[in-house]
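Observations on chain architecture
Okay, here's what each chain looks like letter by letter:
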Amino acid sequence: MLMRTDPFREFDRLAQQVFGATRPAAMPMDAYRSGDDFIVHFDLPGIDPETIDLDVERNVLNVRAERRSPAPEGAETIVAERPTGTFTRQLFLGDTLDTERIDASYEAGVLTLRLPVAEQAKPRRIQITGDGRERKQLSN
């Protein structure tokens, strides 16, 4: 079921004001395949690109970003609804993706990753010569 309101918003605001703590912020994403690439978009509005960290270890992609408060130190906060702090997300990548050639870009608050399908995972045609008992040759 889809919830259009967050019944815990007021509780989170109160906890942040009293304890300085909030629940972990979300990093929404969309993912799809386009030709020989998987494309992933992460919404990261207001993030300084210098704070974005990407790494891959054993087919696990880790995304980490940080949003700092725009208010100067010592300022009195009246309303603080935009989440600040560290955002993290992990994606488990299949063996069919080429993790050596991941391309990343950040534009208009959206981090876009392009993950190419590995050459060995792409469909290929097998050519049969002779009567089928001689030899089979792979071609790309």
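Parameters and conventions
- Residues numbered from 1 in each chain as written.
- Predicted model: local features only at pLDDT ≥ 70, side-chain atom pairs only at ≥ 80, totals over all residues.
- Heavy atoms only, no water.
- Helix = DSSP H or I, 4+ residues; strand = E, 2+ residues; numbered from the N terminus.
- Buried < 20%, exposed > 50% of the residue type's maximum accessible area, 1.4 Å probe, protein only.
- Contact = heavy atoms within 4.5 Å.
- Areas by Shrake-Rupley, 256 points an atom, 1.4 Å probe, with all protein chains shown as cover.
- Pairing = 2+ DSSP bridges.
- Axes fitted to C-alpha atoms, helices over the stretch in contact; angles between N-to-C directions.

1. Examining the overall build of the protein chain
Assigned secondary structure in the protein chain consists of 1 helix and 9 strands. Helices and strands in the protein chain line up, N terminus first, as α-β-β-β-β-β-β-β-β-β. Per-residue burial over the protein chain gives 22% buried out of 140 residues. Pairs at least 24 residues apart make up 47% of the contacts formed inside the protein chain by residues separated by at least 6 positions. Split by element, the accessible area of the protein chain, about 11,100 Å² in all, is 49% carbon and sulfur.

2. Some details on the sheet that holds strand 2 (residues 37–43)
Within the open sheet, the 4 strands sit side by side as 1-2-7-6. Their pairing is antiparallel. The open sheet terminates on both sides in strands that have one partner only, identified here as strand 1 (29–34) and strand 6 (103–107). The average angle at which neighbouring strand axes cross in this sheet is 15°, direction not considered. Two strands pair when backbone bridges link them, and strand 1 and strand 2 are joined in this way by 6 bridges, in the antiparallel orientation. Bridge pairing in strand 2 places A31 opposite V40.

3. So, the environment of F87
Structurally, the position occupied by F87 is in strand 5 (residues 85–92). Taking C-alpha positions, F87 is 5.6 Å from R64, a pair spaced 23 residues apart along the chain.

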